[in-house]
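Residue strings, one per chain:
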Amino acid sequence: MTKPNEFLKIGILTPCLFVLFSFSCSNQQIATAKTESSSNNKYVMLSTEMIDAVRDGKELGTLKAQYEKLNPDSLTKYLSTDNEKKAFWINTYNAYIQILLTENPEYFDDRGDFFSKPKIIIAQRKLSFDDIEHGIIRGSKIKLSLGLLKNPFVNEFEKKLRTDKEDGRVHFALNCGAKSCPLVATYDAKNFDTKIDQVAKSFLTKMSTYNKKENTVLTTPLFSWFRGDFGGKNGILKLLKQYEVIPDDSDPEIKYDDYDWTLSLGNYYEE
């Protein structure tokens, strides 16, 4: 038989335990939601499905229709972190480059027109590849400003969806359809940094030559075209050292190789 003072203890402890349990569950739910947002984001998953379908030569009509009907507000809500935004938009950019240039290789005869004119519908809005690359992925950078200037005159769609922090590594993930472009990989939000570092290191190792005797490094002109995104010369050297392209104690002159604009499709990173 329970004594009166035991009833009192139970009465006091029960709400306390309930509050603690609720608080614990609430925190767990928040943590779970954050994890799901990073690893199972439905929009990032859509973009990875699109890349896989393009690579494997599958039917694309259903996926294209899903892209066109996406709700802009929902897209903004669920692509809340920079890694989610970069994963979704890099996958999307690379997939549609492959799609359009496979269907219409003549587009590459006038690359300026191809990249600048709106050609794909995403979230009920017609976008160009420049809109995606320079507006959204690069956080509203002016295309021909060497990565040094931001565009102050952008629409609300771009403002809501663009990345917050610049990340020069994206230039080693975007494939524009040319022979000198980085390989096409599939990115998710959870493992974004690990994957892009792997792809960047592979690309820069292939595209760079260090000459100790002459104290030079010949590398991709992407560094030159977007030098502001990398923090100038010091940032470029830091990245080349990080990826073990040049020794840590070196300070070479940076030279830039020619870029081969020959159309070359179907070049995928081996996972």
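Residues numbered from 1 in each chain as written. Predicted model: local features only at pLDDT ≥ 70, side-chain atom pairs only at ≥ 80, totals over all residues. Heavy atoms only, no water.

Notes on the overall build of the protein
Summing up its helical and strand segments, the protein has 12 helices and five strands in all. The burial tally for the protein puts 44% of its 271 residues in the buried class. Taking as baseline every contact in the protein between residues at least 6 positions apart, the subset at least 24 positions apart corresponds to 68%. Of the accessible surface of the protein, which amounts to about 14,800 Å², a share of 53% is contributed by carbon and sulfur atoms. (Helix = DSSP H or I, 4+ residues; strand = E, 2+ residues; numbered from the N terminus. Buried < 20%, exposed > 50% of the residue type's maximum accessible area, 1.4 Å probe, protein only. Contact = heavy atoms within 4.5 Å. Areas by Shrake-Rupley, 256 points an atom, 1.4 Å probe, with all protein chains shown as cover.)

A word on the packing of helix α2 (residues 42–56) against helix α5 (residues 82–103)
The relative placement of two packed helices comes down to the angle between their axes together with the axis-to-axis distance. Closest axis-to-axis distance for the α2/α5 pair is 9 Å, and the angle between their directions is 25°. Judged by the angle between their axes, α2 and α5 are roughly parallel. With respect to the hand of their crossing, α2 and α5 are arranged in left-handed fashion. The segment α2 lies against α5, with Tyr43, Val44, Ser47, Thr48, Met50, Ile51 and Val54 engaging Glu84, Ala87, Phe88, Asn91, Thr92, Asn94, Ala95, Tyr96, Gln98 and Ile99. When its residues are assigned to classes, the contact of α2 with α5 shows 10 nonpolar, six polar and one charged. (Axes fitted to C-alpha atoms, helices over the stretch in contact; angles between N-to-C directions. Parallel < 35°, antiparallel > 145°, perpendicular 65-115°, else oblique. Left-handed = near helix turned anticlockwise from the far one by under 90°. Nonpolar A, V, L, I, M, F, W, Y, C, P; charged D, E, K, R; others polar.)

Notes on the sheet that holds strand β3 (residues 209–211)
The mixed open sheet is built from three strands, whose spatial order is β3-β4-β5. Strands at the two margins of the open sheet, each flanked by one partner only, are β3 and β5 (253–256). For this sheet, the mean angle separating the axes of adjacent strands, direction not counted, is 20°. Together, β4 (216–219) and β5 form the strand contacts of helix α12 (residues 232–242), whose direction differs from that of β5 by roughly 85°. (Pairing = 2+ DSSP bridges.)

A look at the pattern of salt bridges
Under the criterion given, the structure shown has 15 salt bridges. For arginine 55, the salt bridge identified is with aspartate 52, shortest N-O distance 3.1 Å. Of this pair, arginine 55 and aspartate 52 both sit in helix α2, separated by three residues, roughly a single helical turn. Arginine 55 sits in the partly exposed class, given a relative accessible area of 36%. (Salt bridge = Lys/Arg side-chain N within 4 Å of Asp/Glu carboxyl O.)

Concerning the packing of aromatic side chains
All chains considered together, the criterion is met by 19 aromatic pairs. Ring geometry for phenylalanine 114 and phenylalanine 129: centres 5.1 Å apart, planes at 40°, overall tilted. Of this pair, phenylalanine 114 sits in helix α6 (residues 111–116) while phenylalanine 129 sits in helix α7 (residues 129–137), and the two are 15 residues apart along the sequence. Its relative accessible area of 0% is what places phenylalanine 114 among the buried residues. Owing to a relative accessible area of 1%, phenylalanine 129 belongs among the buried residues under this scheme. Relative to tyrosine 259, the ring of tryptophan 225 has its centre 4.9 Å away and its plane inclined at 55°; by these criteria the two rings are tilted. Taken together, the positions of tryptophan 225 in helix α10 (residues 222–225) and tyrosine 259 in the segment after β5 put the pair 34 residues apart, joining distant regions of the chain. By relative accessible area, which is 13% here, tyrosine 259 ends up buried. Between lysine 42 and the ring centre of tyrosine 78, over which it is positioned, the NZ or CZ distance is 5.0 Å. (Phe/Tyr/Trp six-rings, centres within 6.5 Å; stacked < 30°, edge-to-face > 60°. Lys NZ or Arg CZ within 6 Å of the ring centre and 35° of its normal.)

Notes on the confidence of the model for the protein
Taken as a whole, the protein shows an average pLDDT of 89; of its residues, 85% reach a score of 70 or greater. Within the model, the stretch residues 1–39 combines pLDDT values under 50 with 11 contacts to residues more than four positions away or in other chains. (pLDDT = per-residue confidence, 0-100.)

Overview of the environment of leucine 204
With respect to the helices and strands, leucine 204 occurs in helix α9 (residues 192–207). Taking the relative accessible area as the measure of exposure, leucine 204 reaches 0% and is therefore buried. In this structure, the C-alpha to C-alpha distance between leucine 204 and proline 182, residues 22 residues apart in sequence, is 9.1 Å. In this structure leucine 204 touches Phe172, Thr219, Thr220, Phe223, Leu240, Tyr243 and Val245, once residues within four positions along its chain are discounted.

Section: a nonpolar patch on the surface
A cluster of nonpolar side chains, contributed by Ile142, Leu146, Leu148 and Leu149, occupies part of the molecular surface with about 340 Å² of accessible area. As for its placement among the helices and strands, isoleucine 142 is situated in the loop between α7 and α8 (156–161). (Patch = residues over 30% accessible without salt bridge, like charges linked within 9 Å, V, L, I, M, F, W, Y side chains within 5 Å.)

Focus: the nonpolar core
Counting 69 residues, the largest nonpolar core has Met50, Leu75, Phe88, Trp89, Phe129, Phe172 and Tyr187 as the members making the most contacts within it. For this core, the leading source of residues is α5, giving 11 residues. Apart from residues lying up to four places away in sequence, phenylalanine 129 is in contact with Tyr93, Tyr96, Ile97, Leu100, Phe114, Phe115 and Ile120. (Core = buried A, V, L, I, M, F, W, Y, C linked by side-chain atoms within 4.5 Å.)

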